[in-house]
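Chain residues, written in single-letter form:
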Amino acid sequence: MVQFNGPFGKVGPTYFRHGVRNPPAEPSKDFGGKTVVITGCNTGVGYEAALKIAGLRPKKLILGTRTIAKGEATKTKILAQCPSLDKSVIEVLSIEYASFDSVVQFAESVKQSTQTLDCVLLSAGVAMPSYKPSEGGWEMALKVNVLSAALLAIELLPLLKNTPSSVLEFVGSVGHTHVTSEHVAPLIQDPSASTLAFFNSPDRWTVEKSYCEAKLLLMFVLEGLVESLGGSEGELAQPQDPVLLACCPGQCKTDLGRDFPLTIRLFMKVWNSIMARSADVGSRTLVTGLQQGEQANGRIWVNDAFDIRSPGLTETEWRAMQKRVWGEAVDVLKKYKPDLAI
Ligand SMILES: NC(=O)c1ccc[n+]([C@@H]2O[C@H](COP(=O)([O-])OP(=O)(O)OC[C@H]3O[C@@H](n4cnc5c(N)ncnc54)[C@H](OP(=O)(O)O)[C@@H]3O)[C@@H](O)[C@H]2O)c1
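Residues numbered from 1 in each chain as written. Predicted model: local features only at pLDDT ≥ 70, side-chain atom pairs only at ≥ 80, totals over all residues. Heavy atoms only, no water.

Peer 1: What exactly am I supposed to notice about the overall build of the chain here?
Peer 2: Counting its regular elements, the chain contains 11 helices and 10 strands. In terms of overall dimensions, the chain is globule-like: its C-alpha atoms have a radius of gyration of 19 Å, near the 20 Å expected for 342 residues. Counting only C-alpha atoms and orienting by the principal axes, one finds that the chain spans roughly 60 × 50 × 35 Å. Restricting to contacts in the chain with at least 6 residues of sequence separation, those with at least 24 account for 81%. With the model as given, the accessible surface of the chain reaches about 14300 Å², and the carbon-plus-sulfur share is 54%. The averaged location of the 35 negative side-chain charges in the chain is 6 Å from the averaged location of its 35 positive side-chain charges. (Helix = DSSP H or I, 4+ residues; strand = E, 2+ residues; numbered from the N terminus. Rg over C-alpha atoms; globule rule 2.2 N^0.38 Å. Contact = heavy atoms within 4.5 Å. Areas by Shrake-Rupley, 256 points an atom, 1.4 Å probe, with all protein chains shown as cover. Lys, Arg positive; Asp, Glu negative; His and termini not counted. Charge placed at Lys NZ, Arg CZ, Asp CG, Glu CD.)

Written out as structure tokens, the structure is:
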């Protein structure tokens, strides 16, 4: 659900500098009475979004964290910055995206903790410096940024469907537009090939491909979920359906490069000092994205607007790839959990 007649989407220094000079609007609309789940809440844009939402009077804020100790430290930091917030508003639950068991357990804990769920913000994500297989043989970025994000969204859908005006937002990246027709040519030429096996292959893995392809696949997952509810771009099938969208915070100074060698991290620090926003500024997009209503359905929210730049794939390629990737992702998740409700 992207535009195919917009300007070509690949982003570079001009785009990043424009982003630094033109910060997105600070969120001001409150979350009064709402229950919000955030993953990836300990650092970066996820932390800053959690802090902003905490200051906008949620009824309940559930922080999804890999370790409870780190999540409790985040809770303490947020409470120190929001002194009027009752500490019982924030709950810390553990989630490790590298493990499907942990993702499902997290969703179960959320269901035990709350009868309603208004907002889900899935900010957990990785950028990998090298090929690293995770449990089940999936390359780590593919597992964390795509398959586990999809599994968590599917597991939380029933609770979202029971809550009027609910919303789920993936933190994606406009970097998905860097994947070109040339990159996926072997898949287009062979419609019977497994797309996930292709993207999971160590032989063709590079740092940029790993991240950008995962974010493209996340867009395919978003589209698959929207269609599974009978919705379309900017429209819900039923008024009570959850809005599903992606957002991109723009290039931000965060811990995303934490696993890279020191030399690369130093280079990124210098690069980011010119090309990137603070995590605080970037997180504005995550928060305002949650408040865009039905018009946001199936879209990617970037810099206070829905992105209109075209991907690096043609519309025909996109449609074919989306169906295949989504179908295979559902198969993988159903193989893991046969009673998955999708
Ligand atoms: N920074 C950018 O320029 C940029 C641009 C576009 C999109 N994004 C996206 O924004 C999102 C947040 O990234 P960030 O830049 O804020 O980076 P970050 O500071 O590294 O934050 C990533 C968060 O994800 C969590 N996480 C990582 N692996 C996880 C796992 N296996 N299970 C559970 N949680 C895990 C981390 O938790 P721990 O701290 O507990 O490890 C951390 O809180 C990502 O999806 C990223 O792709 C970032």
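Peer 1: Sorry if this is basic, but what is going on with the side chain of Ser173 here?
Peer 2: Locating Ser173 in the fold gives a position in the loop between strand E5 (167-171) and helix H6 (181-189). A polar contact is formed between the side chain of Ser173 and the backbone nitrogen of Gly175, at a distance of 2.9 Å. (Polar contact = N/O pair within 3.5 Å; in protein donor to acceptor, adjacent residues only side chain to side chain.)

Peer 1: Explain the environment of Phe267 here, please?
Peer 2: By the element assignment, Phe267 lies in helix H9 (residues 262-275). Take Phe267: its relative accessible area is 52%, and that puts it in the exposed class. (Buried < 20%, exposed > 50% of the residue type's maximum accessible area, 1.4 Å probe, protein only.)

Peer 1: Would you mind going over the site of the ligand with me for this structure?
Peer 2: Neighbouring the ligand are 31 residues; Thr43, Glu96, Tyr211, Cys252 and Thr254 lie closest to it. Between Gly44 and the ligand, the recorded distance is 3.4 Å, taken from a backbone N or O atom to an oxygen atom. Computed on the free molecule, the ligand has an accessible area of 890 Å², of which 96% lies beneath the protein chains in the complex. For the shell around the ligand, the elements supplying multiple residues, two or more each, are helix H2 (44-54) and helix H8 (207-228). Residues of the shell around the ligand, tallied by class, amount to 14 nonpolar, 11 polar and 6 charged. (Near = heavy atom within 4 Å. Nonpolar A, V, L, I, M, F, W, Y, C, P; charged D, E, K, R; others polar.)

Peer 1: Sorry, what's going on with the packing of H2 against helix H3 (residues 68-81) here?
Peer 2: Helix packing for two helices is described by the angle between their axes and how far apart those axes are. For the pair H2 and H3, interaxial distance at closest approach is 10 Å and the crossing angle is 45°. Judged by the angle between their axes, H2 and H3 are oblique. In this structure, the crossing between H2 and H3 has a hand that is right-handed. Of the residues in H3, those in contact with Tyr47, Ala50, Leu51 and Ala54 of H2 are Thr74, Lys77, Ile78 and Gln81. In the contact of H2 with H3, the residues fall into 5 nonpolar, 2 polar and 1 charged. (Axes fitted to C-alpha atoms, helices over the stretch in contact; angles between N-to-C directions. Parallel < 35°, antiparallel > 145°, perpendicular 65-115°, else oblique. Left-handed = near helix turned anticlockwise from the far one by under 90°.)

Peer 1: Help me understand the sheet that holds strand E3 (residues 90-94), please; the structure alone is not making it clear to me.
Peer 2: Picture the strands of a sheet paired through backbone hydrogen bonds; they go either parallel or antiparallel. Taken together, the 8 strands give an open sheet; going across it, the order is E3-E2-E1-E4-E5-E6-E9-E10, and neighbouring strands pair in mixed fashion. The open sheet has two edge strands with one neighbour each: E3 and strand E10 (305-306). Alignment of E5 against strand E6 (residues 243-248), held across 5 bridges, turns out to be parallel. The residue bridging Val171 from the neighbouring strand is Cys247, located in E6. (Pairing = 2+ DSSP bridges.)

Peer 1: What am I meant to see in the side chain of Thr177 here?
Peer 2: Along the chain, Thr177 falls in the loop between E5 and H6. Looking at Thr177, the relative accessible area reads 0%, which means it is buried.

Peer 1: Looking at this structure, how should I read helix H5 (residues 140-161)?
Peer 2: Each α-helix turn comprises 3.6 residues. Residues three or four places apart therefore point the same way. Compared with an ideal rise of 1.5 Å per residue, which puts 22 residues at 32 Å, H5 spans 30 Å between its outermost C-alpha atoms and is within 8% of the ideal. Maximum bend of H5: about 35°, positioned at Glu155, with proline Pro158 one to four residues after it. With 20 of its 22 residues buried, H5 lies for the most part within the structure. (Expected span 1.5 Å × (residues − 1). Bend = angle between axes of the 7 residues up to and from the residue.)

Peer 1: Could you clarify how one ought to interpret the nonpolar core in this entry?
Peer 2: For soluble globular proteins, the rule of thumb is that nonpolar side chains tend to be buried together. By size, the foremost hydrophobic cluster in this structure holds 75 residues, and its most contacted members are Val110, Leu152, Phe170 and Leu225. If you tally residues by element for this core, the top one is H5, at 16 residues. Other than its neighbours up to four places away in sequence, Leu152 contacts Thr39, Ile95, Tyr97, Val103, Phe106, Ala107 and Leu122. (Core = buried A, V, L, I, M, F, W, Y, C linked by side-chain atoms within 4.5 Å.)

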